Amino acid sequence: MAPAIPSRLLYIGGQWRAPDLGGQIAVINPATEDTIGYIPAATAADVDLAVKAAREAFTKDNGKYWARTTGKYRAKFLRAIAAEVTARKSELAELEAMDCGKPLDEAAWDMDDVAGCFDYYAGLAEGLDAKGHLSVELPMDTFKTNVLKEPIGVVGLITPWNYPLLMSTWKVAPALAAGCTAILKPSELASVTCLELASIAAKVGLPAGVLNVVTGLGKDAGAPLSKHPGVDKVAFTGSTATGKSIMGAAAEIIKPVTLELGGKSAIIVFDDVDIEKAVEWTMFGVFWTNGQICSATSRLLLQENIASVFLERLAEWTKTIKISNPLEPGCRLGPVVSEGQYKKVMKYISTAQEEGATLLCGGKRPEHLSKGYFVEPTVFANVRPSSQIWKEEVFGPVLAVRTFRTEEEAIKLANDSEYGLAGAVISTDEERCQRVAELLQAGIVWINCAQPTFTQAPWGGTKRSGFGRELGEWGLENYLSVKQVTKYISEEQWGWYPRPSKM
Ligand SMILES: NC(=O)c1ccc[n+]([C@@H]2O[C@H](COP(=O)([O-])OP(=O)(O)OC[C@H]3O[C@@H](n4cnc5c(N)ncnc54)[C@H](O)[C@@H]3O)[C@@H](O)[C@H]2O)c1
Ligand SMILES: N=C(N)NCCCC=O
Ligand code: NA
């Protein structure tokens, strides 16, 4: 039996609190269109309380409460959270699948990644203790400089619905490891597991106010958080449009932001490949998580002389993907997240047809599913570079294909995008893969695969896909501020101003 959606309030200052205006948002299961629960709807007053709680936790006892504790102390809580996520893995995975529509196997994988990420940043928190006082080489021996890495302060973390708990963890884990205190505002379309993270924080005894979770609409809760003067930094993952407004709000008060935004990443397949392997990675690149991945390799560039064999196999294989309720064993494609997303994806599909692309497979709701926001995995060939489906992020299971003749042409086509998040190259020629990897304008490049992501490696984009890097050591730096402490160590008088002669 699927678990019931737990009934939760906002988590502020270590307490469960009803939202100031008493609002609620329905939790909709996109596979059934049923309302399966409610989450609280925070507004500006709740955000303000959460920021105050986080500030108090940050400054309490001159930082001895959290911010200036040892990394070893903070690591214990991060590891306890990881253990609790692991203990509750199957329940959390089911909640995630019911809330955002991802297949249960994917949600279970996410939960392993969540636990792994908390464990990883526990290790980096411990590492900070040793790195706390770096000394800097100076050209004068009359001075000595040390560099302190300090938590940046109270951080606002705003996250999307495609990996609800994992995208939040990519921010919460390094922020807490660094000694920051945080307010997490997950997406209103999928907040259930983030409220469970709050319950886990309470259970492991994370000091009150260190992590606050406020659910609510972007305009009502996200916007007040992003412009709050009591927030020292905002880390955001979501759409480019929202990223732009968050950066604008932050500019008013010179608040640093990092932005992980959208993409329209290319996968380049050369004619020397094993067709079976290349077809499967192509499918995984755009149909995993239903294509609702910022790094989805949703533009396929295919070398001309293998195009017909490759596309025939791709269409044939795509038609066999198991589309079902995410909780059904073996499901490989669930519904898209919401009715709004369903309509948006369908509109992209009809526009692609109007613009003359060739529909190879998919393009509609699967016949065996009359309810739920399901879209068949869809492949369009002969896509013109000027067309919408080539340029814009669909965030759904839709692949756009073009052929190319030369390596140079492929790179040019791949880079001809406003976005620069990811890219992939598939070829048995290692030197070619290396060359292409270096020339792709992207923050993430996959060779002979697409999408596998490791907590240890940096993640983030270039161009309009945003800036800043999450994960790995880079992810921790996001939440640290650098302070130099310079000491005069000479016994001598400084001697810049001539001493006045004695009276
Ligand atoms: N680069 C990455 O790592 C990455 C990862 C996942 C998703 N994404 C991107 O996220 C997008 C899809 O996610 P989404 O639909 O949830 O994005 P979205 O921008 O609509 O929402 C993201 C978050 O921002 C909040 N928000 C909305 N308006 C706001 C405002 N005015 N001020 C402050 N907060 C506001 C939302 O409530 C949500 O929590 C896609 O474009 C995708 O590419 C990027
Ligand atoms: N491999 C994983 N888990 N990728 C997450 C990608 C997040 C962006 O949407
Ligand atoms: Na939902």
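Here the structure is a predicted model, which means the values were calculated and not measured.

Caption draft 1: The arrangement of the sheet that holds strand β12 (residues 266-269) in detail. Spatial strand order, β14-β15-β16-β13-β12-β18-β19: seven strands in an open sheet with mixed pairing. The open sheet has two edge strands, β14 (358-361) and β19 (444-447), and neither has a second partner. On average, each strand axis in the sheet is inclined to that of its neighbour by 20°, with strand direction left out of account. Relative to strand β16 (residues 398-404), strand β13 (residues 299-303) runs parallel, the two being bridged by five bridges. When the bridges of β16 are listed, Q303 appears paired with F404. Its contacts with the sheet put helix α13 (residues 407-415) on β12, β13, β16 and β18 (422-426), and the angle it makes with β16 is roughly 145°.

Caption draft 2: Quick look at the site of ligand 2. By nearness alone, every residue bordering ligand 2 is listed as D113, N162, Y163, L166, I293, C294, S295, Q451 and T453. Tallied by class, residues from the shell around ligand 2 come to four nonpolar, four polar and one charged. Two domains each put at least three residues into the shell around ligand 2: domain 1 (10-261 + 465-486) and domain 2 (266-447).

Caption draft 3: Expanded view of the UniProt feature "active site" (unreviewed entry) in the protein. On the UniProt side, "active site" (unreviewed entry) is annotated at positions that read E260 here. Mapped onto the secondary structure, E260 falls in strand β11 (residues 257-260). Contact partners of E260, with chain neighbours within four places excluded, come to F236, T237, C294, G460, G461, G466 and E470.

Caption draft 4: Looking closely at the confidence of the model for the protein. The share of residues in the protein with pLDDT of 70 or more is 100%, and the mean pLDDT across the chain is 97. As a predicted assembly, this complex carries a pTM of 0.97 together with an ipTM value of 0.93.

Caption draft 5: Looking closely at the nonpolar core. The biggest cluster of nonpolar side chains holds 159 residues, and the ones touching the most others in it are L78, F118, Y121, A182, I268 and F380. At 13 residues, the largest contribution of residues to this core is made by helix α4 (residues 104-131). Apart from the residues lying within four places of it in its own chain, the contact partners of F118 are L78, I81, A82, V85, T169 and A173.

Caption draft 6: The arrangement of the site of ligand 1 in detail. What surrounds ligand 1 is a group of 30 residues, the closest being G218, G222, G238, T242 and C294. Among the elements of the structure, α7 (218-226) and α8 (240-252) are those that each provide at least two residues to the shell around ligand 1. It is α7 that contributes the most residues to the shell around ligand 1, five residues altogether. Its residues placed into classes, the shell around ligand 1 shows 11 nonpolar, 14 polar and five charged. The residue makeup of the shell around ligand 1 includes at least three contributed by each of domain 1 (10-261 + 465-486) and domain 2 (266-447).

Caption draft 7: Geometry of the sheet that holds strand β6 (residues 143-151). Reading across from one edge, β5-β6-β22 is the order of the three strands in this open sheet, with antiparallel pairing throughout. In this open sheet, the two edge strands, each paired with only one partner strand, are β5 (133-136) and β22 (480-488). Averaged over all pairs of adjacent strands, the angle between their axes in this sheet comes to 30°, without regard to strand direction. Direction of pairing for β6 relative to β22: antiparallel, over a ladder of nine bridges. Following the sheet pairing, E150 is matched in β22 by S481.

Caption draft 8: Spotlight on the packing of helix α2 (residues 71-87) against helix α6 (residues 192-203). At a minimum axis separation of 10 Å, α2 and α6 run at an interaxial angle of 125°. On the basis of the axis angle, α2 is oblique to α6. In the crossing of α2 with α6, the sense of the turn from one axis to the other is right-handed. Touching I81, E84 and V85 of α2 are I200, A201 and K203, all from α6.

Definitions and limits used
- Residues numbered from 1 in each chain as written.
- Chains lettered and ligands numbered in written order.
- Predicted model: local features only at pLDDT ≥ 70, side-chain atom pairs only at ≥ 80, totals over all residues.
- Pairing = 2+ DSSP bridges.
- Helix = DSSP H or I, 4+ residues; strand = E, 2+ residues; numbered from the N terminus.
- Axes fitted to C-alpha atoms, helices over the stretch in contact; angles between N-to-C directions.
- Contact = placed C-beta atoms within 7 Å.
- Near = placed C-beta within 6 Å.
- Nonpolar A, V, L, I, M, F, W, Y, C, P; charged D, E, K, R; others polar.
- Domains from an automatic or database assignment.
- UniProt positions renumbered as here; feature names shortened; annotations may be inferred.
- pLDDT = per-residue confidence, 0-100.
- Core = buried A, V, L, I, M, F, W, Y, C linked by C-beta atoms within 7 Å.
- Buried ≥ 20, exposed ≤ 12 C-beta atoms within 10 Å, placed from the backbone.
- Parallel < 35°, antiparallel > 145°, perpendicular 65-115°, else oblique.
- Left-handed = near helix turned anticlockwise from the far one by under 90°.

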